[in-house]
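Given next are the chains, with one letter for each unit.
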Amino acid sequence: MYAWIWRKLPFGLPGKLAGSVLLTTAAVALLWYVIFPWAEPLLPFDDVQVGQETGDPGDPSAPGYPPPGDGPAPTEDGHDLPYDTDENNPPPSPEE
């Protein structure tokens, strides 16, 4: 197909290069401004559902919320982290 298009483009090598750039630009513009906006509502990228079964997120009375004092210690800025930062850091590399 591409060889057929290349053979059909007029005006020698400069015309074939310019025609190729023009056809590529037209194809990209058609996809960007027509096809992708039409297909975007059909794609599931915006269907994000994150939450808890019951209650508001972070509600201490919600089931599964760790009781105060059972979690890790607050950080310097006063926020509780739901994980241990010492376990997530890799071991230090040996000095050479």
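Residues numbered from 1 in each chain as written. Predicted model: local features only at pLDDT ≥ 70, side-chain atom pairs only at ≥ 80, totals over all residues. Heavy atoms only, no water.

*Asks:* Would you take a moment to explain the overall build of the protein chain for this structure?
*Replies:* A tally of helices and strands in the protein chain yields three helices and zero strands. A burial count over the protein chain gives 6% of its 96 residues as buried. Working note: accessible area of the protein chain is about 9,100 Å², and carbon and sulfur atoms make up 64% of it. (Helix = DSSP H or I, 4+ residues; strand = E, 2+ residues; numbered from the N terminus. Buried < 20%, exposed > 50% of the residue type's maximum accessible area, 1.4 Å probe, protein only. Areas by Shrake-Rupley, 256 points an atom, 1.4 Å probe, with all protein chains shown as cover.)

*Asks:* Before we go on, may I ask you to explain helix 2 (residues 12-39) in this structure?
*Replies:* Structurally, the α-helix is built with 3.6 residues per turn, so residues lying three or four positions apart point the same way. For helix 2, spanning 28 residues, the distance from its first C-alpha to its last is 38 Å, which sits close to the expected 40 Å at 1.5 Å a residue. Looking only at helix 2, the buried set comprises Gly15, Lys16, Gly19 and Ala39. On the buried face of helix 2, the contacting elements are helix 1 (2-8). (Expected span 1.5 Å × (residues − 1). Contact = heavy atoms within 4.5 Å.)

*Asks:* It is not clear to me how the confidence of the model for the protein chain should be interpreted in this structure. Could you clarify?
*Replies:* Residues shown with low pLDDT carry predicted positions that ought not to be read at fine detail. Averaged over every residue, the pLDDT of the protein chain is 75; the share at 70 or more is 50%. Averaged pLDDT values for the elements of the protein chain fall to 61 in helix 3 (residues 85-88) and rise to 95 in helix 2. (pLDDT = per-residue confidence, 0-100.)

*Asks:* What am I meant to see in the side chain of Lys16 here?
*Replies:* Turning to its location among the elements, Lys16 is positioned in helix 2. The side chain of Lys16 sits in the buried core without any salt bridge; Glu40 is the nearest counter-charge, 39 Å away. (Lys, Arg positive; Asp, Glu negative; His and termini not counted. Salt bridge = Lys/Arg side-chain N within 4 Å of Asp/Glu carboxyl O.)

*Asks:* What am I meant to see in unusual backbone geometry here?
*Replies:* Excluding glycine, a negative phi dihedral is what most residues carry, and trans is how most peptide bonds are arranged. Backbone geometry at Phe11 places phi at a positive 70 degrees, although glycine is not the residue there. With respect to the helices, strands and loops of the structure, Phe11 is situated in the loop between helix 1 and helix 2.

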